[in-house]
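If you want the building blocks of each chain, they are given just below.
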Amino acid sequence: MTQIEKLLEDISGYHPSADLGLVRRAYQFAADAHAGQTRKSGDPYVTHPLSVARIIAELKLDVSSVCAALLHDAVEDTSATVEQLSDQFGKEVAFLVEGVTKLGKLPYSTREEQQAENFRKMLLAMARDIRVILVKLCDRLDNMRSLNHLPSEKQERIAAETMQIYAPLANRLGIQSVKIELEDLAFKYLHPGEYDQLATEVSKTRAERLEYIRHVEKLIEKEMGEGGVACQVSGRAKHLWSIYQKMRRTQRPFAEIHDAIGFRVVTDSQMFCYQALGIAHQTWTPIPGRFKDYIALPKPNRYQSLHTAVIGPRGERIEIQIRTRDMHMVAEHGIAAHWKYKEGKPTDAGDDNKFAWLRQLMESHRELRDPTEFLESVKIDLFGDEVYVFTPQGDVKALPQGSCPIDFAYTVHSSVGDHCSGARVNNMIVPLRYQLRNGDTVEILTNPNQKPNKDWLKLVKTARARNKIRYLLRQEQRDRGLALGADLMDKAMRKHGTTVEKSSKQLTAAAKDLRCATLDELTLQVGYGKITMQQVLERALPELSKKAEISAVEKSENILKNLLRKVTRKTSTSGIKVAGEHDILVRFGKCCSPLPGDPITGFITRGRGVTVHRRDCDKGLDLDPDRRIDVEWDGSSKTQHEVAIQVLCANKPGLLAHISQSFTDQGVNINQAHCRTADGDRAVNTFHASVKDLDQLKSVIRSLSRIKGVFSVDRVSADIS
C-alpha cells in the first residue's frame, strides 16, 4: 500500500464521508509542484508534506487541514500561488496554506526579526482559524524527526526554536503527544551529552520498569474494580526531557528520581473520577501538596483531570491521573479534539470560548512594534504552569506560576495595574512581591498617585503586565528626553541670537536632514544624546555656526569626543562595531555576557558609551528601544571574552580535577572558580573563563557534559558566583 493510500485509509477510518478525491488532487498538485526537489536526506521532497498530512490525520482533523498539510510548502518553495490554490481547492484551504507560509520574500535586518514576524503572522492567522497552527506544529514535528540530516549549527538553532516556541505552544494547545515528542527531539540536539547519558540509564532499567508498570496496572484495576469503579488503567514512564528537568530541578541523579512513572485511570463519568481518587488515597499514602483538581478548575487549554501522587507498591512514588474518556481525548489531542468537521459552516460560539485565550494573547502583544521584544513576550505567555486565583466576586483567574498581585491587577484592568499600591490576599495585606498560590482570593488596593517603577519588572511574570509597565516607563523616559532636548536646543539657539520658534523652519529642515521625521523627534534625539547640538546647528544655521564662537556646552562635547577617540583608539579591543565604527567606547552587559556569535544589540548610555546586550537579554528588553543602536561583531578581532559556566555534579574526589582538565583540553583558561557543596552529595561549581566566541563555549559545554558524574552544564550571568 502506497503512502497516499494509507493516508486515505486513515482519513476514512474517522471520517467516512470525507471528500477523498480532494485529498488525491491535493497530493497530485504537491507532487507535480515539488517535482525534482529533494530533501537533505535525498528523499523526494513530496515525502515531507505527505508525512505532515499523516500526522494531521492522526489528530483526526478535517479534509481541509489534510489538504493544507499536503500543500503547505507549495507557495513558499514552488511557483504555485495562493490564487491557484483558492481556484483549485477552495478559499478555506488557501487561507490555511497562506497562514502557514513564511514571509520569506520580505526584507529583514536580522534572522530574529524574520522569525518574530513569521510567528506574529501565524498567530494572527491562528486567531482566525486554529488549524493554521495545528498544521505548522505537525510540519515542525516532521522536520524535527529528520533533523539529523542538517549541519550541527542548523540543528541547534532549529531545536532551540522548537523548545522555546513550538513545544510550549503545543502544550498551551493541549496536544500532549506532539509536545512530548518535540521536547525529546529538541533535547537530543540541544544537550546531546546529557541526552545520550540519560537515554542509556533509562534503557538499562527498561525491563525492570516495564515489569513494575504491569504489576501496578493490575493492582490499580483490582482496587478500582473492588471499589465499584469500571476503568481502563495504563502506565508509562515519563519522557526523557521531563526526567531531565526533574533531575535539574531537584539537583539529583537519575538513580534518585523515584517518581519517573505515571499511571492513567480513564473512567465513564466525573463521579467515578472522584470515587477513583478516594480509592487511590485509601489504598496508598498520598504525598502532601501533590494533588491538583483540573476538573473543577480546567486549564485554559480545556485540559481536565485529577492529578495526585502516592507512595505506591514497593515504596515507589507514582503519579496518577484520573479522567473521563472525553477528558482523555482532549488531554491527548488538545484543541484538535474540539475541531469538528463543519463543511461550509462557521465555528459556533462554544468554539469561540475555547479559543478566547488566543485573542487575548494577540491583544496583549498588539502594542509591541519591536519584533524581538514581541517574540520574547509571547514566550512568557506560552511557558510555565499556572496558578488559579479568585477575585473577591469569585471569578477565577489563571496566571503563570510565580505571578504576583501586580500581574493579577493587570488582568483586571490596565488602570488598576498602573495604580496598584498593595493587595489583600485571603483578607491579609501582603507585599507586592508575594507569589500567588492556588486558591488565593486577591483584592487589589489602588492609589491615584501610584505609578509603575522599574522594580516591578523584576516581580511580574505575565507578558501583559510587563508590556504595560515598559510602555509607561518608556513614556516617562521619552518625556524626560523631550524636556532635556528642548532645554539644550533653547540654550544653544539663544547663544546664537535666535530662538527655537523663530528658526522652526530651519530646524524642521535640519530634522529631515538628520533622518528625524519631525522637530519633536529631533528634540528627543538631542535629549537622548544620539544627535549633538553642533550637528543641528551646522544644518539649521550653517552661517551663524561658522562665525559664532562655540558654546561652553559644545566645547565640552568636542573635548569629550576627542578624549573618547584617543582612549578608544588606543584601547579598541572590544571586537564590536557600533554603526559601522570601531573606535566607540563599548561595555558588555554583565547580565548576559554576550560572546561573538550571539545575536546582539546596543544601547546608548550617558557617559559610558554603548552597552552591548544579547538580543534575548531580559535587562536589554527593558531598556528604551529609542536608545537602541546597531552593533555587530568585528570578525577580525581576536578579543577574549569572559563567560560564566555553572557545572552541577556529584561531590566526589577527582571530579573537579577532571572538569578543570576539560577546560584545558579545549584551550580555555579559567580566570576564577567558585565551588560549593549542596546537600552533601552534590557540588555546584561556577567557572569564569575566557573564550573567543560562542562556538568555543559550546565546545566546552559539550566536553563538560560528557564527563561521568556531571548532571548539568549551563551558561549563567557573569555576576553569579
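One numbering rule holds for all chains: residues counted from 1, following each sequence as written. Given that this is a predicted model, residues contribute local features only at a pLDDT of at least 70 and side-chain atom pairs are listed and counted only at 80 or more, while totals for whole chains, interfaces and linings are drawn from all residues. Only hydrogens and water are set aside; all other atoms, that is, all heavy atoms of the structure, feed into the side-chain values.

The helix and strand tally for the protein chain stands at 31 helices and 21 strands. Partly exposed residues are those whose accessible area sits between 20% and 50% of the maximum for their type, while under 20% is buried and over 50% is exposed, using a 1.4 Å probe and protein chains only. Each of the 721 residues in the protein chain was classed as buried or not, and the buried ones make up 50%. Note on contacts: a residue pair qualifies if any of its non-hydrogen atoms lie within 4.5 Å across the two residues. By sequence separation, contacts in the protein chain at least 24 residues apart represent 67% of the contacts at least 6 residues apart. Every accessible area reported is derived by Shrake-Rupley at a probe size of 1.4 Å, with residue values counting cover from the shown protein chains alone. Here the protein chain displays about 35,200 Å² of accessible surface, and carbon together with sulfur accounts for 49% of that area. Runs of E in the DSSP output that reach at least two residues are strands. Runs of H or I that reach at least four are helices, and both are numbered from the N terminus.

In this section: the packing of helix H2 (residues 20-33) against helix H6 (residues 82-89). With axes taken as lines fitted to C-alpha atoms, and helix axes fitted only over the stretch in contact, angles between N-to-C directions fall between 0 and 180 degrees. One way to put it is that H2 packs onto H6 with a least axis distance of 11 Å and a crossing angle of 150°. Here H6 runs roughly antiparallel to H2, going by the angle between their axes. In this structure, H2 meets H6 at a crossing whose hand is right-handed. Side by side, H2 and H6 meet where Leu-22, Arg-25, Ala-26 and Phe-29 of the first sit next to Leu-85, Gln-88 and Phe-89 of the second. Looking at side-chain class alone, the contact of H2 with H6 contains 5 nonpolar, 1 polar and 1 charged residues. An angle below 35 degrees is treated as roughly parallel, one above 145 as roughly antiparallel, one from 65 to 115 as roughly perpendicular, and anything else as oblique. A clockwise turn of the near helix away from the far one marks a right-handed crossing, whereas an anticlockwise turn of less than a right angle marks a left-handed crossing. Note on residue categories: nonpolar means Ala, Val, Leu, Ile, Met, Phe, Trp, Tyr, Cys or Pro, charged means Asp, Glu, Lys or Arg, and polar means any other residue, Gly included.

Time to look at the nonpolar core. Membership of the largest hydrophobic core comes to 77 residues, with the highest contact counts inside it found for Leu-7, Val-23, Leu-71 and Leu-198. With residues up to four places along the chain from it excluded, the contact list for Leu-198 reads Phe-187, Leu-240, Ile-243, Tyr-244, Met-247 and Phe-254. In this description, a nonpolar core means a group of buried Ala, Val, Leu, Ile, Met, Phe, Trp, Tyr and Cys residues linked to one another through side-chain atoms lying within 4.5 Å. Counting residues in hydrophobic clusters, the runner-up holds 26 residues, among them Val-643, Phe-663, Leu-697 and Val-710.

The next subject is the pattern of salt bridges. What counts as a salt bridge is simple: a side-chain nitrogen of Lys or Arg found within 4 Å of a carboxyl oxygen of Asp or Glu. Enumeration according to the criterion identifies 25 salt bridges in this entry. Two residues, Arg-24 and Glu-5, come together in a salt bridge whose shortest N-O distance is 3.0 Å. Here Arg-24, found in helix H2, pairs with Glu-5, found in helix H1 (residues 3-14); they are 19 residues apart in sequence, far enough to count as distant. Take Arg-24: its relative accessible area is 42%, and that puts it in the partly exposed class. Across the pair Asp-455 and Lys-458 runs a salt bridge, and its minimum N-O distance is 3.8 Å. Here Asp-455 and its partner Lys-458 are both found in helix H22 (residues 454-459), 3 residues apart, which amounts to about one turn of the helix.

All right, on to the packing of aromatic side chains then. The pairing test for Phe, Tyr and Trp rings, Trp by its six-membered ring, is centres within 6.5 Å, and the orientation test on the planes gives stacked under 30 degrees, edge-to-face over 60, and tilted for anything in between. What the rule picks out here adds up to 8 aromatic pairs. Through a chain of ring-to-ring contacts, three or more aromatic side chains come together here, namely Phe-187, Tyr-195, Trp-241 and Tyr-244.

Next up on the list: the pairing of strand E6 (residues 317-324). The two faces of a sheet get side chains in turn, since along a regular strand they alternate between them. For E6, the tally of buried residues reaches 7 of 8 residues, placing the bulk of the element in the interior. Any two strands are treated as partners once DSSP identifies two or more bridges connecting them. Pairing geometry for strand E2 (residues 261-267) and E6, over 6 bridges, is parallel. Looking at the pairing, Phe-263 lines up with Ile-320 of E6. Following strand E5 (residues 306-311), the chain reverses through 5 residues before pairing antiparallel with E6; Arg-314 in that reversal takes a positive phi of roughly 60°.

One key point about sheets: their strands pair by backbone hydrogen bonds, in either a parallel or an antiparallel sense. Spatially, 4 strands are ordered E13-E15-E14-E16 in an open sheet, and the strand pairing comes out mixed. Two strands close off the open sheet at either side, each with one partner strand: strand E13 (586-588) and strand E16 (628-629). Across 5 bridges, the pairing between strand E14 (residues 600-604) and strand E15 (residues 610-614) is antiparallel. Note on E15: the bridge partner recorded for Ile-600 is Arg-614.

Next up on the list: the pairing of strand E8 (residues 396-400). Taken together, the 5 bridges between strand E7 (residues 386-390) and E8 define a ladder with antiparallel strand orientation. Its bridge partner lying in E8, Val-389 is registered against Lys-397. Linking E7 back to E8 in an antiparallel pair, the connection comprises 5 residues, with Gly-394 at a positive phi of about 95°.

What follows covers helix H24 (residues 504-513). Buried within H24 are the following residues: Leu-507, Ala-510 and Ala-511. In an axial view of H24, the angular spread of the buried residues amounts to 105°, which keeps them on one side of the axis. Exposed and oriented more than 90 degrees from the buried face of H24 are Lys-505, Lys-512 and Asp-513. Those residues of H24 hidden inside the fold are in contact with helix H23 (463-495), helix H25 (519-528) and helix H26 (533-540). Starting at the helix axis, one direction is taken to each C-beta atom, and the arc is that of these directions.

This paragraph deals with the environment of Ala-94. Summarising the element assignment, Ala-94 is placed in helix H7 (residues 91-100). With a relative accessible area of 5%, Ala-94 lands in the buried category. Placed 19 residues apart in sequence, Ala-94 and Val-75 show a C-alpha to C-alpha distance of 9.8 Å. Every residue in contact with Ala-94, bar those within four places of it in the chain, is listed here: Val-82, Leu-85 and Ser-86.

Our next topic: the sheet that holds strand E21 (residues 710-716). Read from one edge of the open sheet, 4 strands run E19-E20-E18-E21, paired in antiparallel fashion. Taken across any chain shown, the strands that pair with only one partner, and hence form the sheet edges, are strand E19 (669-678) and E21. Ignoring strand direction, the axes of neighbouring strands in this sheet form an average angle of 20°. Direction of pairing for strand E18 (residues 641-650) relative to E21: antiparallel, over a ladder of 6 bridges. Bridge assignment links Cys-649 to a residue of E21, and that residue is Val-710. Sheet contacts for helix H31 (residues 694-705): E18, strand E20 (682-691) and E21; angle to E21, the most-contacted strand, approximately 160°.

Here we take up the side chain of His-307. Secondary-structure assignment places His-307 in strand E5. At 2.6 Å, the side chain of His-307 forms a polar contact with the side chain of Tyr-303. With sequence-adjacent residues up to four places away left out, His-307 is seen in contact with Arg-290, Phe-291, Lys-292, Tyr-294, Ile-320 and Gln-321. Polar contact criterion, stated in full: a pair of N or O atoms within 3.5 Å, where within protein one must be able to donate a hydrogen and the other to accept it, and residues adjacent in sequence count only if both atoms are side-chain atoms.

In this fold, Asp-326 is placed in helix H16 (residues 325-333). Between the C-alpha atom of Asp-326 and that of Gln-304, which follows or precedes it by 22 residues, the distance is 9.4 Å.

Moving on, we get to the confidence of the model for the protein chain. Each residue gets a pLDDT score, which is the predictor's confidence in that residue and runs from 0 to 100. The share of residues in the protein chain with pLDDT of 70 or more is 81%, and the mean pLDDT across the chain is 81. Least confident of the elements in the protein chain is helix H28 (residues 552-571), whose mean pLDDT is 46; most confident is helix H15 (residues 270-283), at 94. This stretch, residues 549-553, has a pLDDT under 50; its non-local contacts, to residues over four places away or in other chains, come to 4 contacts. Note that pLDDT drops below 50 for residues 563-572; the model gives that stretch 8 contacts with residues more than four away or on any other chain.

As for its position among the elements, Trp-241 is in helix H14 (residues 240-250). Taking the C-alpha atoms as reference, Trp-241 lies 9.4 Å from Glu-181; in sequence the two are 60 residues apart. For Trp-241, the residues in contact, after removing those within four places along its chain, are Met-163, Glu-183, Asp-184, Phe-187 and His-191.

As a further point, take H1. Multiplying 1.5 Å by the helix residue count minus one yields the expected span of that helix. Compared with the 16 Å implied by 1.5 Å per residue over 12 residues, the 18 Å span of H1 between its first and last C-alpha is a close match. Of all the positions in H1, only Ile-4, Leu-7, Leu-8 and Ile-11 are classed as buried. All buried residues of H1 lie within an arc of 95° about the axis, which places them on one face of the element. As for H1, its buried residues are in contact with H2, helix H3 (47-58) and helix H4 (63-71).

Right, let's get into unusual backbone geometry. Of note, the phi angle at Asn-427 is positive, near 70°, even though the residue is not glycine. Here Asn-427 lies in the loop between strand E9 (420-425) and strand E10 (428-430). When its relative accessible area of 73% is taken as the criterion, Asn-427 is described as exposed. Backbone geometry places Ser-593, a non-glycine residue, at a positive phi of 45°. For Ser-593, the location among the structural elements is in the loop between E13 and E14.

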